[in-house]
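# Residue-level structural notes
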Amino acid sequence: MEVIIQKDRERASLLAADIVATLIRRDPAVVLGLATGSTPLGLYRELVRRHREEGLDFARVRTFNLDEYRGLEPDHPASYHSFMWENLFEHVNVDRDRVHLPDGMTNDVPASCGAYEEAITAAGGIELQVLGIGANGHIGFNEPSSSLASRTRIKTLSRETIAANARFFGGEQYVPRHVLTMGVGTIMDCRRCLLLAFGEEKAEAVAKMVEGPISAMVPASVLQLHRRAYVVLDEAAASRLQLAEYYRWVYEHKPAWQAGAGPGGKP
């Protein structure tokens, strides 16, 4: 796990965009795992800008999203289908047939989740998975106590997560109670993970993820075992890290060959 602390959300999002854009330019048919919510919005805005102004090409990119609410039509304004098209897909030259999200309207949840796993495998696996972290330490919608070996499946949201997402629905009573989500094991199979976290409200979860014990009670902590996980933070989200100064020192003093090596190196 490489912890990279930036001054603010904007600089952190630019660095994340450097990582993603480097992979797209290196392999135009790269398979990306994507996330929703407010955290990756700056990343997506910068990728759109680079597409429009610098020719970043999404024509052959394939994408798989982490999750989707159960029971929401794809065109529902709060669905993650709508979120992705509004904030990224409709602004770049992505091929609709190469975009994949879990089917929240499926009549056969186990079969649909199994098919999603098979589609990821058939695509050659995910090269980089973008992640956020919940205030309770969840990744995707893998709530505390989720199996660290879990695969794509249905999950029941915690009260805390429902409350956190209420602003997108106009009240807690309108938030779906169930979601389809990639499992922790699915995420760990991705060759790279890029977790973004911003704001003081994420600081405790970040500290537990990075410096606490690996535990199903903090599902994101399993990223300590990932072979190539980048954790990109603003100062506020890093404020409870005991070794924050060390992480800054490491990032600023990389060997020259490593600093210019692309993802994870200094841009």
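The rules behind each value
- Residues numbered from 1 in each chain as written.
- Predicted model: local features only at pLDDT ≥ 70, side-chain atom pairs only at ≥ 80, totals over all residues.
- Heavy atoms only, no water.
- Helix = DSSP H or I, 4+ residues; strand = E, 2+ residues; numbered from the N terminus.
- Buried < 20%, exposed > 50% of the residue type's maximum accessible area, 1.4 Å probe, protein only.
- Contact = heavy atoms within 4.5 Å.
- Pairing = 2+ DSSP bridges.
- Core = buried A, V, L, I, M, F, W, Y, C linked by side-chain atoms within 4.5 Å.
- Right-handed = clockwise from strand over helix to strand, strands pointing away.
- Phe/Tyr/Trp six-rings, centres within 6.5 Å; stacked < 30°, edge-to-face > 60°.
- Axes fitted to C-alpha atoms, helices over the stretch in contact; angles between N-to-C directions.

## Re the environment of Leu131
- Summarising the element assignment, Leu131 is placed in strand S6 (residues 128-131).
- The class of Leu131 is buried, set by a relative accessible area of 1%.
- Spatially, the C-alpha atoms of Leu131 and Glu143 are 14 Å apart, while their sequence positions differ by 12 residues.
- In this structure, Leu131 is in contact with Ala35, Leu66, Ile187, Cys193, Leu194, Leu195, Leu196 and Leu223, ignoring residues within four places of it in sequence.

## With respect to the sheet that holds strand S5 (residues 99-100)
- The strand order across the open sheet built from seven strands is S1-S10-S9-S6-S2-S3-S5, with neighbouring strands paired in parallel fashion. Only two strands of the sheet have a single neighbouring strand rather than two, namely strand S1 (2-6) and S5.
- Where S6 and strand S9 (residues 192-197) come together, four bridges link them in parallel fashion. Looking at S9, one finds that Gln129 is bridged to Cys193.

## Section: the side chain of Ser13
- Locating Ser13 in the fold gives a position in helix H1 (residues 9-26).
- By relative accessible area, Ser13 is classed as buried at 4%.
- When residues no more than four places from it in sequence are discounted, the contact partners of Ser13 are Gly42, Leu43 and Phe198.

## Regarding the pairing of S6
- Side chains Leu128 and Val130 project from S6 onto one buried face, and the interleaved Gln129 and Leu131 project onto a second face that is buried too.
- Here two bridges tie strand S2 (residues 31-34) to S6, and the two strands are oriented parallel to one another. In the strand pairing of S6, Gly33 is matched with Gln129.

## Concerning the environment of Glu200
- Mapped onto the fold, Glu200 is located in the loop between S9 and helix H7 (203-211).
- Look at Glu200 and you get exposed, because its relative accessible area is 56%.
- In sequence terms Glu200 and Ala238 are 38 residues apart; their C-alpha atoms lie 7.9 Å from each other.
- Among residues more than four places away in sequence, those in contact with Glu200 are Ala236, Ala237 and Ser239.

## What about the nonpolar core?
- Judged by nonpolar contacts, the single largest core of 85 residues is most densely connected at Leu233 and Leu241.
- Top element by residues in this core is H1. It accounts for nine residues.
- Every residue in contact with Leu241, bar those within four places of it in the chain, is listed here: Val3, Ile5, Val206, Ala207, Val210, Glu211, Leu233 and Tyr247.

## Regarding the pairing of S9
- Counted residue by residue, S9 has six buried out of six residues, so it is predominantly covered.
- Side chains Arg192, Leu194 and Leu196 project from S9 onto one buried face, and the interleaved Cys193, Leu195 and Ala197 project onto a second face that is buried too.
- Between the parallel pair S9 and strand S10 (residues 229-234), the chain is carried across by H7, and the sense of this crossover is right-handed.

## Some thoughts on the packing of aromatic side chains
- Evaluation of the coordinates by the stated rule reveals seven aromatic pairs.
- With centroids separated by 6.3 Å and ring planes inclined at 10 degrees, the aromatic side chains of Tyr80 and Phe141 adopt a geometry described as stacked. Residue Tyr80 is located in helix H3 (residues 80-87), and its partner Phe141 is located in the loop between S6 and strand S7 (153-156); the two are separated by 61 residues in the primary sequence. Of the two residues, Tyr80 and Phe141, both sit in the buried class.
- Grouping aromatic residues by their ring pairs yields a cluster made of Tyr69, Tyr80, Phe141 and Phe169.

## Here's the deal with the sheet that holds strand S8 (residues 178-181)
- Across the sheet, three strands lie side by side as S4-S8-S7; this open sheet has antiparallel pairing. Whereas interior strands pair on both sides, the edge strands pair on one side only; in this sheet they are strand S4 (67-69) and S7. For this sheet, the mean inter-axis angle between neighbouring strands, taken without regard to orientation, is 30 degrees.
- Of the pairings in the sheet, the one linking S7 to S8 comprises four bridges and is antiparallel in character. Within S8, the residue paired with Thr156 across the bridge is His178.

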